[in-house]
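# Observations on chain architecture
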Amino acid sequence: MSFRWIGIATLLIAPCLCVAEELPSFTLPSAVSLSTSSSSSDAQSATIGLQLMLPRNFWIAGSVDSAKEKTDDFESNTTGGSVAIGTDPLAEYGIEAGIDGFGVDNQYRVREARIRGVLAPDFIFELENPGIEIGLEYRVGRFSFANSPNIIFNAAEVELETRTVHVDVTWNAGRHWTFRAYAERTSLPSAFSDLNRPLAPLFIPESAISTAVSWPDDEGGGTIGYSRGRFGVRVGLSQRHSAVSGAISALHSAGIDCRLTHRLLIGIRGAVSRSLDDTSLDPIQTAGLDLSLQF
């Protein structure tokens, strides 16, 4: 008799299990993007990116970029790229890892590995989450450059290591407003200061020296965004401090986003960078265009 009831229960439960397995799940769209920018400092850049959504909203993304800058008859062409993988961004907890790199051929190269964790629990301090998301990122970078052996560095290829901790908090206030604040701190070896010596350009490429001298040791800022329907607007402010030169700069940015069709998005952005410690320097103005096609 007991086997009969087990058989009946199996017949009743099995269809429910099948229905549960066949329930549709929300899948985020993949996207290919193109970004270009130009600045008053005679610098242009372009980036092509691709993000593929995998089963269960796991994702993998990659990009390649190129930039050209000319300063005082000195022209540099920088190329770079990145690759990253991550878990479901809609889950309460997420993690991603990636590798970024850029540099000038035969002069210097920057490679940076990063890991990032995101926390967006349903409840915070026993209260419902009002739309708060917290991110913590740790990066390890390697700055390498060509060098003619000298009293500063005795190797033909010098490699210096950087370590960065980044924290950001995002608040999605209701359906339309988004507030975000971030701060990061970088620790640099003392050898970075050695690149600021008067005779360093005789042995080390100027592009490598410029990159090292302007490397920030701390940075912070925030953005405010508002979106409704097809349109969105965002404004931001950030400040950074260079470890070696001591230069302090502020960046004011603004952007407008528009969804032209169900799959095509366009964004226009602008930014102004100002020196806070040397008012004699002219501000640098940058304008950019972003296109994204979802599929």
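Conventions and cut-offs
Starting afresh in each chain, residues are numbered from 1 along the sequence in its written order. Only residues with pLDDT of at least 70 get local features here, since the model is predicted, and only at 80 or more are side-chain atom pairs given and counted; chain-wide, interface and lining totals rely on the full set of residues. The basis for every side-chain value is the complete set of heavy atoms in the structure, and neither hydrogens nor water enter the calculation. In this scheme, a residue with accessible area under 20% of its type's maximum is buried, one over 50% is exposed, and one in between is partly exposed, where area comes from a 1.4 Å probe on protein chains only. Under the scheme used here, helices are H or I runs from DSSP no shorter than 4 residues and strands are E runs no shorter than 2 residues, and both carry numbers assigned from the N terminus. In what follows, residue pairs with any heavy atoms lying within 4.5 Å of each other are defined as contacts. At least two bridges found by DSSP between two strands are what make those strands a pair. A 1.4 Å probe that fits but cannot get out identifies a cavity on a 1 Å grid over protein atoms alone, an open set with protein on both sides within 12 Å along at least five of seven lines counts as a pocket, and a residue lines either if it has an atom within 4 Å of a point. Grid points are joined across faces, edges and corners, and a volume is the space filled by probe spheres set on the points. Throughout, the ten residues Ala, Val, Leu, Ile, Met, Phe, Trp, Tyr, Cys and Pro are labelled nonpolar, Asp, Glu, Lys and Arg are labelled charged, and all others, Gly among them, are labelled polar. The aromatic pairing rule takes the rings of Phe, Tyr and Trp, using the six-membered ring of Trp, and pairs them if the centres are within 6.5 Å, calling planes under 30 degrees apart stacked, those over 60 edge-to-face and the rest tilted. Here, the term nonpolar core denotes a set of buried Ala, Val, Leu, Ile, Met, Phe, Trp, Tyr and Cys residues that are joined through side-chain atoms within 4.5 Å.

### Regarding helix α3 (residues 206-213)
Of all eight residues in α3, six are buried; the element is thus mostly enclosed. Within α3 the residues assigned to the buried category are S207, A208, I209, T211, A212 and V213. Residues of α3 that are buried make contact with β4 (74-86), β5 (93-104), β6 (108-119), β9 (132-146), α2 (191-194) and β13 (231-242).

### Notes on the pairing of β9
Note: β6 against β9, 12 bridges, orientation antiparallel. Looking across to β9, one finds that I115 is bridged to Y138. Taken together, the 15 bridges between β9 and strand β10 (residues 157-173) define a ladder with antiparallel strand orientation. Within β10, the residue paired with F143 across the bridge is L160.

### A look at the pairing of strand β12 (residues 216-228)
Pairing of strand β11 (residues 177-187) with β12, which is carried by nine bridges, proceeds in the antiparallel orientation. Directly across from R180, in β12, lies its bridge partner T223. Bridging between β12 and β13 involves 12 bridges; their strand directions are antiparallel. In the strand pairing of β13, G222 is matched with L237. Where β12 folds back onto β13 in an antiparallel hairpin, the turn is made up of two residues, including G229, whose phi is positive at roughly 65 degrees.

### Focus on the environment of L289
Mapped onto the fold, L289 is located in strand β16 (residues 284-294). We classify L289 as partly exposed; its relative accessible area is 36%. Along the sequence, L289 and A250 sit 39 residues apart, while their C-alpha atoms lie 22 Å from each other. Among residues more than four places away in sequence, those in contact with L289 are L34, S35, T36, I266, G267, I268 and R269.

### Notes on the environment of D282
Along the chain, D282 turns up in the loop between β15 (264-275) and β16. Sequence-wise, D282 and S40 are 242 residues apart; in three dimensions their C-alpha atoms are separated by 9.7 Å.

### Some thoughts on the layout of surface pockets
Looking at the second largest pocket, its volume works out to about 240 Å³. Surrounding the second largest pocket, 16 residues form its lining, D88, P89, L90, V118 and E133 being those nearest its centre. Only β5 and β6 provide two or more residues apiece to the lining of the second largest pocket. No other element matches β5, which puts four residues into the lining of the second largest pocket. Each residue belonging to the lining of the second largest pocket can be placed in one class, and the counts come to eight nonpolar, two polar and six charged.

### Quick word on the packing of aromatic side chains
Taken as a whole and assessed by the stated rule, the structure comprises 10 aromatic pairs. Ring centres 6.4 Å apart and planes at 85 degrees place the aromatic pair F102 and Y108 in the edge-to-face group. In this structure F102 comes out as partly exposed when scored by relative accessible area, which is 32%. Looking at Y108, the relative accessible area reads 7%, which means it is buried.

### Things to note about the environment of V244
Of note, V244 is situated in the loop between β13 and β14 (248-259). Between the alpha carbons of V244 and G220 there is a distance of 18 Å; along the sequence they are 24 residues apart. Filtering out sequence-adjacent residues up to four positions away, V244 remains in contact with F192, S193, N196, A212 and V213.

### Things to note about the nonpolar core
F143, F145, F153, L160, L195 and I204 are the most contacted members of the largest nonpolar core, which has 20 residues in total. Elements with a minimum of two residues in this core: β6, β9, β10, α2 and α3. It is α3 that provides the largest number of residues to this core, a total of four residues. Beyond its immediate chain neighbours, meaning those up to four positions away, F153 contacts F145, N147, S148, V158, A191, D194, L195 and I204.

So yeah, pure geometry; function would need other evidence.
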